[in-house]
Every structure is written in C-alpha cells, then in structure tokens.
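Residues per chain are reported as follows:
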2 protein chains.
Amino acid sequence: MDSYRERAVVILSGGLDSTTCMALADCRGEDIFALTFAYNQRHIREIESAQAVARHYGAHHQIIDLGAVFAASALTSAEIRPEVASFLGAAGVTPLDATGRAETTPLSMPASIPATYVPARNILFLAYALSFAEKVGARRIYTGVNALDNPGYPDCRPEFIAAFQRMIDVGTKAGTEGRSVEVFTPLIEMNKADIIRFALELDAPLHLTLTCYYGENPACGECDSCRLRLEGFKLLGQSDPISYRKG
Amino acid sequence: MDSYRERAVVILSGGLDSTTCMALADCRGEDIFALTFAYNQRHIREIESAQAVARHYGAHHQIIDLGAVFAASALTSAEIRPEVASFLGAAGVTPLDATGRAETTPLSMPASIPATYVPARNILFLAYALSFAEKVGARRIYTGVNALDNPGYPDCRPEFIAAFQRMIDVGTKAGTEGRSVEVFTPLIEMNKADIIRFALELDAPLHLTLTCYYGENPACGECDSCRLRLEGFKLLGQSDPISYRKG
C-alpha cells in the first residue's frame, strides 16, 4: 500500500487483454486493485491465470463469486460446447422452484448475438468495479473490453462505455462532486495484433495468460479465441510464449 | 409460473417503499421475481420481512449476498451507530492483505453525503436486477427509490435513473433490439404520506414491513426512518399496523 501512488481498479480475467491493462496501469505507476469475477465459468484456470498475473505485478487482488446469477450460456454451462449452445439458443429462462433451485429451459436467441452472451455481464462487472473503486478511493477502472473482437456484444462498444460513464457521473458521490471515477478502455478500438504489440512493448507477462476458450493447457489452438490470438502473433512476426497442442 | 403474465423483477428490501412496489406489480397482474440484497447489513430482520412480503404475494424470491464488497458505513458496520459513523467518516479504505482479508481504515467524507452512503449501491442492485431480468425474460424492474426522502443520495434521483436507462438501452441485447428492460420507479417523486396512501389503496401488507433503522421489533419509533414513517401515517390520519416501543 503506497499512499503516494494513484489507485486504479483493473478488471482482470487472466486473458491477454486484461493482462495488457495490468501492464499499462503498472507502467503508469498506479497502485493496482485487481478484480476477478467467477461466474461458474468452466475454466477455473482463468482464475489461476489472473492470480499469477496479479502476483506478477504485486497487485491487490480480489476474486468475486457472482454465483448462479447468470443465465445458462456457452460460457457458464459446463455441458454445452459453444456450437451446441448456439444451436439451442443461449438465453435461458430459469424459473426458480420453491427450494430456490433453478431449472433451465432454452429460449431462442437472435443469430446476431453470440452464443456466449451472458446477460448484462460487463454492466455487472463494471458496477462492482465502481463500488470497489469508490471504496478504495481509486480514480480509474481499467477494462480490456474490445469492440473489434466482439462485434455482436452491445456492452463492448464505445457507446455503451460512454453511457456507463454518464451514469457514474450523475449517480455517484464522487461524480456529483466533479471527481468521477473514470472507466478507462485503452484497448477498445485496437485489433488483436495491436493489443499484442502494445503488450510486448509494456513487457506484459503473456506467458501467464489464458486465452483458450476451453481453458486447456496446452491451449487447443483451434477455438476462435486461440485462432485470433495466434493470428495476432503471426501478423507481428512474433512467437506466442504459451504452449499449444497444435501448431 | 404463469406463461400468460408479463414478468417483472422487483427489488425488495422488506421496507415500506419496496413493498408498495410489490403491491403495484401484483395489482398489474405481473409475475413477480423479487430480489433481495444482503450486504452485511445489521438488520437480518430486513431479509425476514422481505421473505414474508414475497410469500404474501406468492412471488419468486431470490436473496443475493453481496458479501464484503461494500465499504464500511453506518449501514454495513454492526459496531458503528450512524452518528458515530458520521463523525468518523463513512467511506473506508480497505486494503486487502495476502489472505484476502480486509482491514478498514476510515477516511473523511464530505458532510453533504449521508453517513449511510454505500458506494454505488443502487447501481449494483440495478445491475443485478438487469442481469436477472434478461435471464428470466422480464420486461420491467421495479425499484422503490425515492428522491425526496434521500436528498443526499445521487443514485436516488430521476437524472440517475434516466442515465441508467440509457445505459441499458445501448448496452444490452434486449436494448439494442428495441425491447429494452425498463427501470420503473413509481415512487421516485412521492413523499412518504403519498407512498403510504398508495400502499393502503393497493392493500399492501404493511404489517409485514420493517422500517426501523436499527431493525428493532417493536420498532424504536425514534430513528429518522421510524419518524418519517410515523409522520406519514399521522398526516393521513391512519394508524401504522406495526408495533413501536414509543408512541
């Protein structure tokens, strides 16, 4: 705890983008409070990666278990591979029975929204980060959201971030006192190669990151997430420090 | 579960205002999914009241434990009475040690913000309610926020609700598809007497509600919350169905 450094909250998934945000916050000399959200995701290894990255930077780190709040989706249901979830439709209606247990009935979902959509995920992450930022006196929240990689996700667009910022400005103590917590999205308009170049320049510990959709180690090298990452490294003529089953 | 009724999420604290929202949703024939947030508040009885109200209306009910996310404040610290918290300053800096345990150091806080302020509380409640609404297919979130009773709370003002609505409109799947979840604040501009009159007209089970700041039963009758409620009933010439130690 260093009282002379500005405090920043970083939303840290343990992936490449959020690790790049950690590197940037560290480079700017900020005292980092990393937040990782657990939401029944299949890859517990994502959390282990986040822990390793937080340790790398000597950051404060808190893992928040969002429990069973989220709907059934390809990211939260261990049994469903993404292509199947896409077929079923990823949004679920989850009636709660008398014991509080949920039972899931798939509903149809428009094709333009990816199957991995989780209801209001970034809104919830940012709301937590905001509460935490006010709590520790942080002036800035870093989030690695990226519009280009996620064209179907409404909560990854600059318009959404601007609307969230406006909501902070009018809805928080700090905001109404003219010292609003800033939602900082340094990667929002970058492509994957740009992000990797940026990460390498900042000496980010990319060997600790997890990108594979299936959370595999070595990474599968075949899912969309792995492919996007591998293409980025290839475009830059750099080699990826993590291991892959293929390639 | 009735597939012919519209679904609504109601943020239910077990107090008079949120119970009035339950009554309104019930009157409008909506299938109610009540959400109650536990955040280390001293009065566990608030949750018991919420459960009783949810049972009264045969509503689905989920209690969400927000754990230790919030800062020390008069509403979350069992040891500190509000007047003391106000003196200390209610915002806390909570460094996390290596084991993830938090230690709280009070910071000063501007006098214009009430001591009971919890960082971004309504933002977090609404973010959860929104995620839940998208999950169950609800079109509307009821919240009993009230601007007149809470002049110092930025997140109880109509400007904040409008900004949150805008954020939903651009940041969610439903919003971008033109069928946004609506944040509905029927009580936001009412005074306490108006709310009580409305509640009585809707036959709301006010005997089940808990208002006392200290969570006492019988209610203390002396805290600001009890006084405001008693004044409201007095203005209407009605008697309050709950018991008080005094008066």
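Residues numbered from 1 in each chain as written. Chains lettered and ligands numbered in written order. Predicted model: local features only at pLDDT ≥ 70, side-chain atom pairs only at ≥ 80, totals over all residues. Heavy atoms only, no water.

An unreviewed UniProt entry annotates chain A as 7-cyano-7-deazaguanine synthase originating from Heliomicrobium undosum. UniProt's Pathway (unreviewed entry) comment on chain A is quoted here verbatim: "Purine metabolism; 7-cyano-7-deazaguanine biosynthesis." Taken verbatim from the UniProt record of chain A, the Function (unreviewed entry) comment is "Catalyzes the ATP-dependent conversion of 7-carboxy-7-deazaguanine (CDG) to 7-cyano-7-deazaguanine (preQ(0))." (UniProt positions renumbered as here; feature names shortened; annotations may be inferred.)

Draft legend 1. Quick peek at the sheet that holds strand β3 (residues 60-65) of chain A. Residue and element names in this part refer to chain A. Sheet architecture is open: five strands sit in the order β3-β2-β1-β6-β7, paired in parallel fashion. Looking at which strands have only one partner, the edges of the open sheet turn out to be β3 and β7 (182-184). The average undirected angle you get between the axes of adjacent strands in this sheet is 25°. Judged from the three bridges that link them, strand β6 (residues 140-142) and β7 form a sheet pairing that is parallel. Bridge pairing in β7 places R140 opposite E182. Helix-sheet contacts for helix α1 (residues 16-27) involve β1 (7-11), β2 (31-38), β6 and β7, and the interaxial angle to β1 is about 170°. (Pairing = 2+ DSSP bridges. Helix = DSSP H or I, 4+ residues; strand = E, 2+ residues; numbered from the N terminus. Axes fitted to C-alpha atoms, helices over the stretch in contact; angles between N-to-C directions. Contact = heavy atoms within 4.5 Å.)

Draft legend 2. Broad picture of the packing of helix α5 (residues 158-171) of chain A against helix α5 (residues 158-171) of chain B. Contact geometry for α5 of chain A and α5 of chain B: axes closest at 8 Å, N-to-C directions at 165°. One finds that α5 of chain A runs roughly antiparallel with respect to α5 of chain B. α5 of chain A and α5 of chain B meet at a crossing whose hand is left-handed. Residues E159, F160, A163, F164, R166, M167, V170 and G171 of chain A of α5 of chain A pack against E159, F160, A163, F164, R166, M167, V170 and G171 of chain B of α5 of chain B. (Parallel < 35°, antiparallel > 145°, perpendicular 65-115°, else oblique. Left-handed = near helix turned anticlockwise from the far one by under 90°.)

Draft legend 3. Spotlight on helix α2 (residues 44-56) of chain A. All names here are of chain A. Taking 1.5 Å as the rise per residue, α2 with 13 residues should run 18 Å; its terminal C-alpha atoms sit 19 Å apart, in good agreement. The set of residues buried in α2 consists of E46, I47, S49, A50, A52, V53 and A54. Taken together, the buried residues of α2 touch α1, β2 and β3. Looking one or two residues beyond α2, the residue adopting positive phi is G58, at roughly 60°. (Expected span 1.5 Å × (residues − 1). Buried < 20%, exposed > 50% of the residue type's maximum accessible area, 1.4 Å probe, protein only.)

Draft legend 4. Structural context of the sheet that holds strand β1 (residues 7-11) of chain B. Residue and element names in this part refer to chain B. Reading across the sheet, the five strands line up as β3-β2-β1-β6-β7 and stay open at both edges, with parallel pairing between neighbours. Whereas interior strands pair on both sides, the edge strands pair on one side only; in this sheet they are β3 (60-65) and β7 (182-184). Between one strand axis and the next, the sheet turns through 25° on average, direction left out of account. In terms of strand pairing, β1 meets strand β2 (residues 31-38) through five bridges, oriented parallel.

Draft legend 5. Broad picture of the UniProt feature "binding site: ATP" (unreviewed entry) in chain A. All names here are of chain A. Here the UniProt feature "binding site: ATP" (unreviewed entry) sits at L12, S13, G14, G15, L16, D17, S18, T19, T20, C21 and M22. As for its position among the elements, L12 is in the loop between β1 and α1. For L12, the residues in contact, after removing those within four places along its chain, are S18, T19, M22, A34, L35, T36, A50, V53, A54 and H61. In this fold, T19 is placed in helix α1. Residues within four places of T19 in sequence aside, it is in contact with L12, G14, V53, A204, P205 and T209. A distance of 2.7 Å separates a polar atom in the side chain of T19 from the backbone oxygen of G15. (Polar contact = N/O pair within 3.5 Å; in protein donor to acceptor, adjacent residues only side chain to side chain.)

Draft legend 6. Region of the structure containing the environment of H60 of chain A. Mapped onto the elements, H60 of chain A comes out in strand β3. For the pair H60 of chain A and F33 of chain A, spaced 27 residues apart in sequence, the C-alpha to C-alpha distance is 4.7 Å.

Draft legend 7. Expanded view of the pattern of salt bridges. Evaluated as defined, the whole model comprises 22 salt bridges over all chains. Between R28 of chain B and E30 of chain B there is a salt bridge, with its nearest N and O atoms 3.9 Å apart. On the accessibility criterion, R28 of chain B (41% relative accessible area) is partly exposed. The network of salt bridges with shared partners includes E6, R28, E30, R140 and E182 of chain A. (Salt bridge = Lys/Arg side-chain N within 4 Å of Asp/Glu carboxyl O.)

Draft legend 8. Up close: the environment of A147 of chain B. All names here are of chain B. Structurally, A147 can be placed in the loop between β6 (140-142) and α5. Separated by 111 residues in sequence, A147 and T36 place their C-alpha atoms 21 Å apart. Apart from the residues lying within four places of it in its own chain, the contact partners of A147 are C156, R157, P158 and I188.

Draft legend 9. Here's a closer look at the packing of aromatic side chains. With the rule as written, the count across this model stands at 13 aromatic pairs over all chains. Ring centres of F37 of chain A and F125 of chain A lie 4.3 Å apart, and the angle between their planes is 5°; this geometry places the pair in the stacked category. In this pair, F37 of chain A sits in strand β2 while F125 of chain A sits in helix α4 (residues 121-136), placing the two residues 88 residues apart along the sequence. Classification of F125 of chain A by relative accessible area gives buried; the value is 9%. Ring centres 6.2 Å apart and planes at 65° place the aromatic pair F33 of chain B and F132 of chain B in the edge-to-face group. Remark: F132 of chain B occurs in helix α4 (residues 121-136) and F33 of chain B occurs in strand β2; sequence separation between them is 99 residues. Look at F132 of chain B and you get buried, because its relative accessible area is 2%. Through pairs of rings, three or more aromatic residues link up here, namely F37, F125 and Y128 of chain A together with F37, F125 and Y128 of chain B. (Phe/Tyr/Trp six-rings, centres within 6.5 Å; stacked < 30°, edge-to-face > 60°.)

Draft legend 10. Main features of the state of the cysteines. Tallying each qualifying case throughout the model produces zero disulfides over all chains. The thiol sulfur of C220 of chain A is not disulfide-bonded, and the nearest other cysteine sulfur, from C212 of chain A, lies at 3.8 Å. Just so you know, C27 of chain B is unpaired, no disulfide at all, and the nearest cysteine sulfur is the one on C21 of chain B, 13 Å from it. Owing to a relative accessible area of 54%, C27 of chain B belongs among the exposed residues under this scheme. (Disulfide = S-S within 2.5 Å.)

Draft legend 11. How the structure looks around α5 of chain A. In this model α5 of chain A runs 20 Å from its N-terminal to its C-terminal C-alpha over 14 residues, within 8% of the 20 Å that 1.5 Å per residue would give. Of all the residues in α5 of chain A, the buried ones are F160, I161, A163, F164, Q165, M167, I168, V170 and G171 of chain A.

Draft legend 12. The arrangement of the environment of D31 of chain A in detail. Residue and element names in this part refer to chain A. Along the chain, D31 turns up in strand β2. Its relative accessible area of 5% is what places D31 among the buried residues. With 25 residues separating them in the primary sequence, D31 and E6 have C-alpha atoms 5.9 Å apart.

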